[in-house]
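In case you want the letters, here they are:
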Amino acid sequence: MAHAEHHITPKKTLIQVFVALITLTAITVFAAQMDLGPLNVPIALSIAIVKASLVVVIFMALKHDNRMNAVVFLVGAVFVVVFLVLTLFDTAYRGDLPNTVEGTIMEEQAEQDALRARDPGPTPVPPSQ
Amino acid sequence: MAEASTVTADRPKHLHPHFVSSEQQFDAAKMGMWLFLVTEILLFSGLFVAYTVFRIWYPEVFSHSAELLDWRLGGLNTIVLLASSLTVAMGVHYAQTNERKKLVRALILTICFAAVFMIVKYFEYTGKFAHGVFPGVNFDPHGTAGGHDYAAYNIPFAAQFFSIYFVMTGVHGLHVLIGIGLFSWIVIRANKGHFSSEYYTPVEITGLYWHLVDIIWIFLFPLLYLI
């Protein structure tokens with residue numbers, strides 16, 4: 001009886017989870033119909049995370065599984081967050097250069113050179129190219 | 001070693017020689033599947049990151065373009081996939097309780113749900129293609145359908161939204177097709193009586209794969225269709 005100790009999820013639990021998933025789907029559709037402004041995305045994502053957790057914990061039976069599998073899954077999830085956050089540190093803070101500075105880089109440099117020529121300051125900065 | 005050799009006499013047929021016990025073989029297969037699922041999650045996370053970056057850059061383009069996607073079809077597919085996840089979980093339950101006929105029935109239902117999902121996706125895709133909504137450089141929306149003037153959606157960066165939509169749902173749909181293939185194979189084996197409470201590893205790990213495909217859709221549906 002090698003498999004005797006495997007957890008068997010009762011049918012009732014599985015159906016309850018399914019009903020919960022359908023209900024959450026209805027809620028997310030309903031929430032999307034009425035415009036909640038800046039709350040739209042957080043609400044939809046929170047509901048999706050709850051639904052995904054239900055599937056992982058009950059349907060995939062991670063709750064009663066070898067703890068090592070939960071560690072494997074959570075490490076994967078952590079790296080998704082690392083991937084997303086570190087990418088956004090770049091892309092979300094990129095200035096749109098042509099919108100912030102009028103004129104070309106050459107013109108800007110010429111202007112800076114002119115300012116330096118007018119007021120070299122205490123320690124003269126070597127002129128840039 | 002002497003102890004191991006005495007065990008070989010009553011080793012079950014499904015047990016490979018390099019495993020000590022069925023339990024060890026089952027745990028190894030399952031952890032292998034979880035590791036594979038993590039690589040799958042990271043594959044999709046690349047697409048989710050692309051979505052997030054472009055959505056943060058062009059939020060109004062994304063919410064405007066999403067109006068062209070029919071949330072009713074997406075919602076129907078969500079329900080269909082959730083139901084297929086239920087039938088897979090039921091299938092594992094029936095494998096564990098040695099109910100072969102019910103296992104076969106649950107898996108056939110799963111395949112049917114998966115087929116419905118792909119049929120809905122087919123109509124969604126062809127509906128978009130008919131109005132010039134293609135991924136990439138061929139993006140050229142025109143005509144009217146469902147109260148939408150497609151030409152009005154030909155705005156800068158709408159092509160990026162639809163490219164991301166097609167790639168994300170396309171890669172996901174490919175996984176659904178692979179799932180249909182896997183479950184067809186499992187159904188044939190289940191029907192032959194290959195699985196029991198002693199040995200149902202293929203049912204279990206294919207089920208895990210299927211639930212992951214469901215989870216991906218749980219995120220795709222609100223991100224692409226709703227918000």
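None of these values were measured; they are calculated from a predicted model.

**Observations concerning helix α6 (residues 158-191) of chain B**
What sets the pattern is the α-helix's 3.6 residues per turn: residues three or four places apart point alike. With 34 residues, α6 of chain B extends 48 Å from end C-alpha to end C-alpha; this agrees with the ideal 50 Å at 1.5 Å per step. Positioned one or two residues after α6 of chain B, G193 of chain B has a phi angle of 80°, which is positive.

**Some points on the pattern of salt bridges**
Side-chain pairs of opposite charge can arise whenever the charged atoms involved come near each other. A full pass over the atoms with the stated rule returns seven salt bridges over all chains. Several salt bridges share partner residues, and in doing so they unite D65 of chain A together with K30 and E204 of chain B into one network.

**Topic: empty space enclosed by the protein**
With the rule as written, the count across this model stands at one cavity of 30 Å³ or more. Its volume calculated, the largest cavity comes out at about 40 Å³. Taken together, T28, A31, A32, L36, N40, I43 and A44 of chain A together with L226 and I227 of chain B make up the lining of the largest cavity. Elements represented by at least two residues in the lining of the largest cavity include exactly α1 (11-33) and α2 (40-59) of chain A.

**Quick word on the nonpolar core**
Ranked by size, the top nonpolar core spans 91 residues in total, and within it F59 of chain A together with W34 and F162 of chain B carry the most contacts. Of all the elements, helix α7 (residues 201-226) of chain B adds the most residues to this core, at 17 residues. Setting aside residues up to four positions removed in sequence, W34 of chain B forms contacts with V56, M60, L62, D65, N69, V72 and F73 of chain A together with L208 of chain B.

Analysis parameters
Residues numbered from 1 in each chain as written. Chains lettered and ligands numbered in written order. Predicted model: local features only at pLDDT ≥ 70, side-chain atom pairs only at ≥ 80, totals over all residues. Heavy atoms only, no water. Helix = DSSP H or I, 4+ residues; strand = E, 2+ residues; numbered from the N terminus. Expected span 1.5 Å × (residues − 1). Salt bridge = Lys/Arg side-chain N within 4 Å of Asp/Glu carboxyl O. 1 Å grid on protein atoms, 1.4 Å probe; cavity = no way out; pocket = protein on both sides within 12 Å on 5 of 7 lines; lining within 4 Å. Points joined across faces, edges and corners; volume = space filled by probe spheres on them. Core = buried A, V, L, I, M, F, W, Y, C linked by side-chain atoms within 4.5 Å. Buried < 20%, exposed > 50% of the residue type's maximum accessible area, 1.4 Å probe, protein only. Contact = heavy atoms within 4.5 Å.

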